[in-house]
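# Per-entry structural report
Next come the chains, spelled out residue by residue.
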Amino acid sequence: MYNILTLNAISPKGLEKLPGEQFAVSADITKPDGIIVRSADMHDYSIPDTLLAIARAGAGTNNIPVDSCAEKGVVVFNTPGANANAVKELVIASLLISSRKITEAAEWTKTLKGQPDMDKLIEGGKKKYAGPEIIGKKLGVIGLGAIGVLVANAALALGMEVVGYDPFLSVHSAWHISGQVSLAKSVDEVVSVCDYITIHIPQNENTKKMIDAELLKKFKKGARLINLSRGGLIDPAAVADALDEGILNKFVTDFADNELLGKENVITLPHLGASTPESEENCAAMAAVELKNFIEYGNIKNSVNFPNCETPYTGKARVTVAHKNIPNMVGSITAIFAKENLNIDNMINKSKGNWAYTIIDLDTLGDKHDSLIKELKELKGVVKARIVREN
Ligand SMILES: NC(=O)c1ccc[n+]([C@@H]2O[C@H](COP(=O)([O-])OP(=O)(O)OC[C@H]3O[C@@H](n4cnc5c(N)ncnc54)[C@H](O)[C@@H]3O)[C@@H](O)[C@H]2O)c1
C-alpha cells in the first residue's frame, strides 16, 4: 500500500486514478510516498525520507522547491498541456470579443435599464458596436505547442487562414497540426500579414517583452493582438502607443497591467485561461497517472527536475537509481550489479541538466535486496536507489 498526501483539494476525477487497494490517499498522511499538490507553497515543507515524488496538478512549479527535491532524489512532475483546451476556448472567445465589440456592447446595453424608449435607443445606438467577422481573415499563431496547435486547428475550422511560427516545433506538434496551417520563417513574417495575432510561448529571457515597439511597427495596420500566455511577453508602453497610433485595433490580455487597465480598446481578463472545471480535472487526472506510473513502475514522464525515462517492465524485477549527471555513473552502477552476480535484462539511462536516472530490469533479485540498495546508495552521485518491484 502506498501513501499519497494531498496538499490541496484535488478533483475526485484525478483521485479515482489511484485505486484504494493500492493507494491510501488523504490530507493527513505523515510519511507519504507521493504528494499531489496544486498551489500550496511547499518551500517550507520538510521533505520526508519516505517521499518518492511530487506531482503538481498544473503547469508552473514555482511553489515547489524543485532543486532541493532533486538533491534528495524526489522526482517533481507537472501536467503540461492538460489545460490546453481551456486556453484554446478562451482564445476563440478573445478572437470574437476583439472583433465584435461584444463586451463594450453588453456594458452599454446595461445602461439602458429602465429607459422607456429602450428599443429605439438600442436600434439607434448599436451601430457603434458593429465589428468584422473572423471568417476568411488571417490569424498568426506564435508558438505551436500544446495550446498553439489547438488554436491553429480550431481557427481553420472557423474558416480563418492560419499562419504559424515556432522555430522549435516538436515532433508531437508536427504530427497534430493541420497541413493547412502555413508555417512562417520569422515573427516579422507573421505580424506583417495577419489580421489577428495570438501568442502561445513561454516567458523566459529570450521571449521577455518580445512584442516591443520595434516589432509592433511591423504589424499590419489595425491588427488585433491576443496574449493569454504571460504578461511579460509584451511591452505595455509600446502596446499602448500602438493602440493610440491605430497599429493595433484591440488588445485582449489575460494579465492585468496598470498601464493598460481601463484603456480604450484593451480587454483585460483576470487570468481566466485555465479556469474551467474540466481543466482542473484533466490536471488532477494527469498528475495522478504520472505519480502512479512512477511509484509502481519507476517510469518518469513530464518531470521538471529529472529526465523522461520510460521502458516497459520485463515482469521479473526492477531497480531504479536517481543520480547526478557526471562521468562514470552508469559504469559504477552496473559494476555493483556485476559484483552482486545479478544479470541485467534491460536497462535505460537518461539525463537532463545536472541530473540523470537509470532503470534496470533484472532476471531476479535473489536475496540481494538490502546489500544492493546499500551499495548503490553509497555510490558518490547517487541520490536515490529503489527496488521498484519484483514480479
Ligand atoms: N492564461 C492562462 O491561464 C494560461 C494557462 C496555461 C498556459 N498559459 C501560458 O501559455 C504558454 C503556452 O502553453 P503551452 O501549454 O502551449 O506550452 P508548450 O510548451 O506546449 O508550447 C510552447 C511553444 O512555444 C514555442 N516557443 C518557444 N519560444 C518561442 C519563440 N521565441 N517563438 C515561437 N515559438 C516559441 C515552443 O517551441 C513550444 O512549441 C505557457 O508558457 C503559459 O505561459 C497560460
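These lines cover the structure that appears in this document, whether it is placed above or below. Note that the structure is predicted; figures quoted are calculated from it, not measured. (Residues numbered from 1 in each chain as written. Predicted model: local features only at pLDDT ≥ 70, side-chain atom pairs only at ≥ 80, totals over all residues. Heavy atoms only, no water.)

### A word on the site of the ligand
Worth spelling out the cut-off: When at least one non-hydrogen atom of a residue lies within 4 Å of a molecule or strand, that residue is treated as near it. Any pair of N or O atoms that falls within 3.5 Å is considered a polar contact. Within protein, one atom must be able to donate a hydrogen and the other to accept it, and sequence-neighbouring residues count only if both atoms are side-chain atoms. Note on areas: Shrake-Rupley, 1.4 Å probe, and residue coverage restricted to the protein chains presented here. Lys, Arg, Asp and Glu make up the charged group, whereas Ala, Val, Leu, Ile, Met, Phe, Trp, Tyr, Cys and Pro make up the nonpolar group; the residues left over, Gly among them, are polar.
With respect to spatial proximity, 23 residues lie near the ligand, and among them Ala 146, Ile 147, Asp 166, Leu 228 and Asp 254 are the closest. Between the ligand and Asp 166 there is a distance of 2.6 Å, counted from an oxygen atom to a side-chain nitrogen or oxygen. Here Ala 274 contributes a backbone N or O atom positioned 3.3 Å from an oxygen atom of the ligand. Summarising the interface, the protein chains cover 80% of the accessible area of the ligand, which totals 870 Å² for the free molecule. Class assignment for the residues of the shell around the ligand results in 12 nonpolar, eight polar and three charged.

### As for the environment of Leu 158
Put simply, the rule is: Each helix is a run of DSSP H or I of at least 4 residues and each strand a run of E of at least 2, with the numbering of both proceeding from the N terminus. Contact between two residues is taken to exist if any of their heavy atoms lie within 4.5 Å; hydrogens are not considered.
Relative to the elements of secondary structure, Leu 158 occurs in the loop between helix 6 (146-157) and strand 7 (161-165). Residue contacts for Leu 158: discarding those within four places in its chain leaves Ile 92, Ile 134 and Ile 135.

### Describing empty space enclosed by the protein
Selection rule: Only protein atoms enter the 1 Å grid used here. Points where a 1.4 Å probe fits but cannot escape make up a cavity, open sets with protein on both sides within 12 Å along at least five of seven lines make up a pocket, and a residue lines them when an atom lies within 4 Å of a point. Grid points are joined across faces, edges and corners, and a volume is the space filled by probe spheres set on the points.
One pass over the structure, following the stated rule, counts one cavity of 30 Å³ or more. The volume enclosed by the largest cavity comes to roughly 60 Å³. If you trace the largest cavity, you find it lined by Leu 52, Gly 73, Phe 294, Thr 320, Val 321, Ala 322, Tyr 357, Lys 384 and Arg 386. Take the lining of the largest cavity: its biggest share by element is three residues, from strand 13 (residues 317-324).

### Overview of the nonpolar core
Considering soluble globular proteins, one finds that nonpolar side chains tend to be buried as a cluster. Stated formally: Among buried residues, those of type Ala, Val, Leu, Ile, Met, Phe, Trp, Tyr and Cys that are joined through side-chain atoms within 4.5 Å constitute a nonpolar core. Here the term buried applies to any residue with accessible area under 20% of the maximum for its type, exposed to any over 50%, and partly exposed to those in between, with areas from a 1.4 Å probe on protein chains only.
Ranked by size, the top nonpolar core spans 29 residues in total, and within it Phe 219 and Leu 248 carry the most contacts. Sorting the residues of this core by element identifies strand 7, helix 8 (187-193), strand 9 (196-199), helix 9 (213-216), strand 10 (223-227), helix 10 (236-244) and strand 11 (248-253) as the ones contributing at least two each. Those residues within four positions of Phe 219 in sequence are excluded, and the remaining contacts are Val 191, Ile 197, Ile 211, Leu 225, Ile 247 and Leu 248. Core analysis: the second largest hydrophobic core is formed by 28 residues, Leu 18, Ala 55, Leu 291 and Ile 348 among them.

### Examining the layout of surface pockets
Volume-wise, the second largest pocket comes out at about 180 Å³. Contributing to the lining of the second largest pocket are Asp 49, Leu 52, Ile 373, Lys 377, Lys 384, Ala 385, Arg 386 and Ile 387. The element contributing the most residues to the lining of the second largest pocket is strand 16 (residues 382-390), with four residues. Of the residues assigned to the lining of the second largest pocket, the class counts are four nonpolar, no polar and four charged.

### Points about the pattern of salt bridges
Just so we agree on the cut-off: Any carboxyl oxygen of Asp or Glu that lies within 4 Å of a side-chain nitrogen of Lys or Arg is treated as forming a salt bridge with it.
For the structure on display, the rule yields 13 salt bridges. Here Glu 104 and Lys 250 are joined by a salt bridge, their closest N and O atoms 2.5 Å apart. Of this pair, Glu 104 sits in helix 4 (residues 102-110) while Lys 250 sits in strand 11; the two residues are 146 residues apart in sequence, bridging distant segments of the chain. Under the relative-accessibility criterion, Glu 104 is labelled partly exposed at 25%. Among the residues examined, Lys 250 registers a relative accessible area of 1% and is labelled buried. Here Glu 161 ties to Lys 138 by a salt bridge, and the two come within 3.8 Å at their closest N and O atoms. On the criterion of sequence distance, the pair formed by Glu 161 in strand 7 and Lys 138 in strand 6 (residues 138-142) is long-range, its members being 23 residues apart. The class of Glu 161 is partly exposed, set by a relative accessible area of 42%.

### Quick word on the sheet that holds strand 13
Note the threshold: If DSSP finds at least two bridges between two strands, the strands pair. Axis angles are defined between N-to-C directions and span 0 to 180 degrees, where every axis is a line fitted to C-alpha atoms and, for a helix, only to the segment in contact.
The strand order across the open sheet built from four strands is 14-15-13-16, with neighbouring strands paired in antiparallel fashion. Unpaired on one side and paired on the other, strand 14 (344-352) and strand 16 mark the two borders of the sheet. Pairs of neighbouring strands in the sheet enclose a mean axial angle of 15°, with direction left out of account. In terms of strand pairing, strand 13 meets strand 15 (residues 355-362) through eight bridges, oriented antiparallel. Bridge pairing in strand 15 links His 323 to Ala 356. The strands that helix 11 (residues 277-297) touches are strand 13, strand 15 and strand 16; relative to strand 16, the one it contacts most, it runs at about 80°.

### Points about helix 13 (residues 369-378)
The line we're drawing: Think of it as the arc spanned by the lines of direction from the helix axis to the C-beta atoms.
Along helix 13, the residues classified as buried are Leu 372, Ile 373, Glu 375 and Leu 376. Down the axis of helix 13, the sector holding all buried residues measures 165°, keeping them to one side. Across from the buried face of helix 13, at angles greater than 90 degrees, the exposed residues are Asp 370, Lys 374 and Glu 378. Against strand 13, helix 12 (329-339) and strand 16 lie the buried residues of helix 13.

### Here's the deal with the sheet that holds strand 2 (residues 23-26)
Backbone-to-backbone hydrogen bonds pair the strands of a sheet. The strands run either parallel or antiparallel. Pairing is parallel across the open sheet formed by five strands, whose spatial order is 2-1-3-4-5. Edge positions in the sheet fall to strand 2 and strand 5 (75-77), since each of these pairs with one other strand and no more. Averaged over all pairs of adjacent strands, the angle between strand axes in this sheet comes to 20°, irrespective of strand direction. The pairing of strand 1 (residues 2-6) with strand 3 (residues 34-37) spans three bridges and is parallel. Among the inter-strand pairings, Ile 4 is bridged to a residue of strand 3, identified as Gly 34. Contacts from helix 11 reach strand 1, strand 2, strand 3, strand 4 (53-56) and strand 5 within the one sheet, and its direction differs from that of strand 3 by about 170°.

### Some remarks on the packing of helix 3 (residues 84-100) against helix 6
Applicable threshold: In this scheme, roughly parallel covers angles under 35 degrees and roughly antiparallel covers those over 145, while 65 to 115 is roughly perpendicular and the rest are oblique. Left-handed describes a crossing whose near helix is turned anticlockwise from the far helix through less than a right angle; right-handed describes the clockwise counterpart.
One way to put it is that helix 3 packs onto helix 6 with a least axis distance of 9 Å and a crossing angle of 45°. Accordingly, the angle class assigned to the pair helix 3 and helix 6 is oblique. Every pair of crossing elements has a handedness; the one defined by helix 3 and helix 6 is right-handed. Where helix 3 abuts helix 6, its residues Ala 84, Asn 85, Val 87, Lys 88, Val 91 and Ile 92 lie against Ala 146, Ile 147, Leu 150, Val 151 and Ala 154. Taken together, the residues that form the contact of helix 3 with helix 6 break down as nine nonpolar, one polar and one charged.

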